[in-house]
Amino acid sequence: MGTRRKGRELALQVLYEANIKGDMSPAALEFGLSHAVGSTKAKEFARRLVFGVVGHLEEINRVIEKSSEHWRLDRMAKVDLIILQVATYELLFCPDIPVQVTIDEALEVGKRYGAEDSPPFINGILDHVAQSAGLKERAQLR
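Here is what the cut-offs are and how they apply
- Residues numbered from 1 in each chain as written.
- Predicted model: local features only at pLDDT ≥ 70, side-chain atom pairs only at ≥ 80, totals over all residues.
- Heavy atoms only, no water.
- Axes fitted to C-alpha atoms, helices over the stretch in contact; angles between N-to-C directions.
- Helix = DSSP H or I, 4+ residues; strand = E, 2+ residues; numbered from the N terminus.
- Parallel < 35°, antiparallel > 145°, perpendicular 65-115°, else oblique.
- Left-handed = near helix turned anticlockwise from the far one by under 90°.
- Contact = heavy atoms within 4.5 Å.
- Nonpolar A, V, L, I, M, F, W, Y, C, P; charged D, E, K, R; others polar.
- Salt bridge = Lys/Arg side-chain N within 4 Å of Asp/Glu carboxyl O.
- Buried < 20%, exposed > 50% of the residue type's maximum accessible area, 1.4 Å probe, protein only.
- Polar contact = N/O pair within 3.5 Å; in protein donor to acceptor, adjacent residues only side chain to side chain.

(A) Here's a closer look at the packing of helix α2 (residues 26-34) against helix α3 (residues 40-55). At a minimum axis separation of 11 Å, α2 and α3 run at an interaxial angle of 155°. By the angle between their directions, the pair α2 and α3 is classed as roughly antiparallel. The two elements α2 and α3 cross, and the hand of that crossing is right-handed. Where α2 abuts α3, its residues P26, L29, E30, L33 and S34 lie against K43, A46, R47, V50, F51 and V54. Of the residues assigned to the contact of α2 with α3, the class counts are 7 nonpolar, 1 polar and 3 charged.

This is the structure we're talking about:
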């Protein structure tokens, strides 16, 4: 498994735990990251994602909600929602990561941690997020 995929998985795990405990404080997030199992580089990437998601959570959630027809965030499976939050953060705030890589990685994490129908659900929403943000066109120009 690649370093960045492991980092994405660690971010999912830390954000899931913080979400379940209802504690998204920097101390709780750092505690989760310090106890995560992974290489230093994977943990560094996870830290970037975790604090990026938390720092932009309201905006990220608005974007996801606009892109998810007939689905309120509170009705989504927590794992799917967190995968969407991490990937939406990457799409909107990490121009160094190619759009298709972000979407593909979210699908792979969804296959591993989500339900059977998670990957198509995640793909549909992220595709809409990317199109709405004009990222699909940018990706095709490269």
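(B) Seen up close, the pattern of salt bridges. On inspection of all chains with the given rule, the structure shows 10 salt bridges. In this structure, the salt-bridge partner of R5 is E105, at a minimum N-O distance of 2.8 Å. Remark: E105 occurs in helix α6 (residues 99-113) and R5 occurs in helix α1 (residues 3-21); sequence separation between them is 100 residues. For R5, a relative accessible area of 26% corresponds to the partly exposed category. Look at E105 and you get buried, because its relative accessible area is 15%. Its salt-bridge partner being R47, residue E30 comes within 2.9 Å of it at the nearest N-O pair. Placement of E30 in helix α2 and of R47 in helix α3 is noted, with a sequence separation of 17 residues between them.

(C) Inspection of unusual backbone geometry at higher detail. Phi at H70 takes a positive value of approximately 65°, unusual for a residue other than glycine. Within the fold, H70 resides in the loop between α4 (57-67) and α5 (78-93). By relative accessible area, H70 is classed as exposed at 72%.

(D) Geometry of the packing of α4 against helix α7 (residues 118-132). For the pair α4 and α7, interaxial distance at closest approach is 9 Å and the crossing angle is 110°. Viewed along their axes, α4 and α7 adopt a mutual orientation that is roughly perpendicular. Contacts between α4 and α7 pair V63, I64, K66 and S67 from the former with I125, H128, V129 and S132 from the latter.

(E) Highlighting the side chain of S68. Positionally, S68 belongs in the loop between α4 and α5. On the accessibility criterion, S68 (4% relative accessible area) is buried. Within the structure, S68 has its side chain in polar contact with the backbone oxygen of I64 (distance 2.9 Å). Setting aside residues no more than four positions away along its own chain, S68 makes contact with M76 and I125.

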